[in-house]
Amino acid sequence: MATESKPSALPLTERQAARRGRILHTSAQLACQGGFDAVQMREVAEQSNVALGTLYRYFPSKIHLLVATMQDQLDHLHDALRKRPPVSASPGDRVAETLMRAFRALQREPHLADAMVRALTFADRSVSPEVDSVSRLTTAIILDAMGLPGPPTAQQLSAVRVIEHTWHSALVTWLSGRASIAQVKIDIATVCRLIDLTAPRDSTGTG
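Bear in mind that the values here come from a model prediction, so they are computed numbers and not experimental data. (Residues numbered from 1 in each chain as written. Predicted model: local features only at pLDDT ≥ 70, side-chain atom pairs only at ≥ 80, totals over all residues. Heavy atoms only, no water.)

Remarks on the packing of aromatic side chains
Part 1 of the reasoning: Counting across every chain of the model gives 4 aromatic pairs.
Part 2 of the reasoning: When the ring of Tyr58 is compared with that of Phe59, the centres are 6.4 Å apart and the planes differ by 40 degrees; the resulting orientation is tilted.
Part 3 of the reasoning: Here Tyr58 falls in the buried class, since its relative accessible area comes to 8%.
Part 4 of the reasoning: Judged by centre distance (6.3 Å) and plane angle (75 degrees), the rings of Phe103 and Trp167 are edge-to-face. In this pair, Phe103 sits in helix 5 (residues 91–108) while Trp167 sits in helix 8 (residues 154–175), placing the two residues 64 residues apart along the sequence.
Part 5 of the reasoning: Judged by its relative accessible area of 9%, Trp167 is buried.
Part 6 of the reasoning: Ring pairing ties together the aromatic residues Phe103, Trp167 and Trp174, which thus form one cluster.
Part 7 of the reasoning: Positioned above the aromatic ring of Phe36 is the side chain of Lys62, whose terminal nitrogen or guanidinium carbon lies 3.9 Å from the ring centre. (Phe/Tyr/Trp six-rings, centres within 6.5 Å; stacked < 30°, edge-to-face > 60°. Buried < 20%, exposed > 50% of the residue type's maximum accessible area, 1.4 Å probe, protein only. Helix = DSSP H or I, 4+ residues; strand = E, 2+ residues; numbered from the N terminus. Lys NZ or Arg CZ within 6 Å of the ring centre and 35° of its normal.)

Structural notes on the confidence of the model for the protein
Part 1 of the reasoning: Residues of the protein with pLDDT of at least 70 account for 92%, and the chain-wide mean is 90.
Part 2 of the reasoning: For the stretch residues 203–207, pLDDT sits under 50, and the model shows 12 contacts to residues farther than four places along the chain or on other chains. (pLDDT = per-residue confidence, 0-100. Contact = heavy atoms within 4.5 Å.)

Looking at the environment of Gln71
Part 1 of the reasoning: Among the structural elements, Gln71 can be located in helix 4 (residues 62–83).
Part 2 of the reasoning: With relative accessibility at 23%, the residue Gln71 sits in the partly exposed group.
Part 3 of the reasoning: Distance from Gln71 to Ser133, taken between C-alpha atoms, is 7.1 Å for residues 62 residues apart in sequence.
Part 4 of the reasoning: If sequence neighbours within four positions are ignored, Gln71 has contacts with Ser133, Val134 and Leu137.

If you want it as structure tokens, here you go:
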């Protein structure tokens, strides 16, 4: 049997990218229907029209697959934000607007949100590259939303990391029923003020 280059080791060919896209789409669909437990590797393979062994070459476990699914969902969000960027006055408000837009999207598919967040929570060291990719993409989304005229300051980058942690915690507490949507909105708005508080006076976007 002909060997296929490991997708994670080399850039994907057009065919491999299409196959990976089908897999991620199927993973998201199954998670939307039944959450974390509904995403079974054999079922994903069958519905994606790929061999089970091929699926495992792309994603060694369900956790790898669901973390990659989260990255794929964030990619779609990032594309949408580029087409329709936030319009609030300050960088902090623009980030809050962006994160609440993402949160509303997750609200529409709570089973998918729960599956992806559970995968991030369960991820061990073997999933570190995928988790790091999600973190880098989240950072990129926040930085794009800030819309700064120049590079962010070291303090702003620290604020971004705190915002990421708060965002993840807000998702967990909402999904577990320990925080209302209104409380999540307040928490996100509050933590996003750090961006403006840590910025040089002339880069807040308010004058």
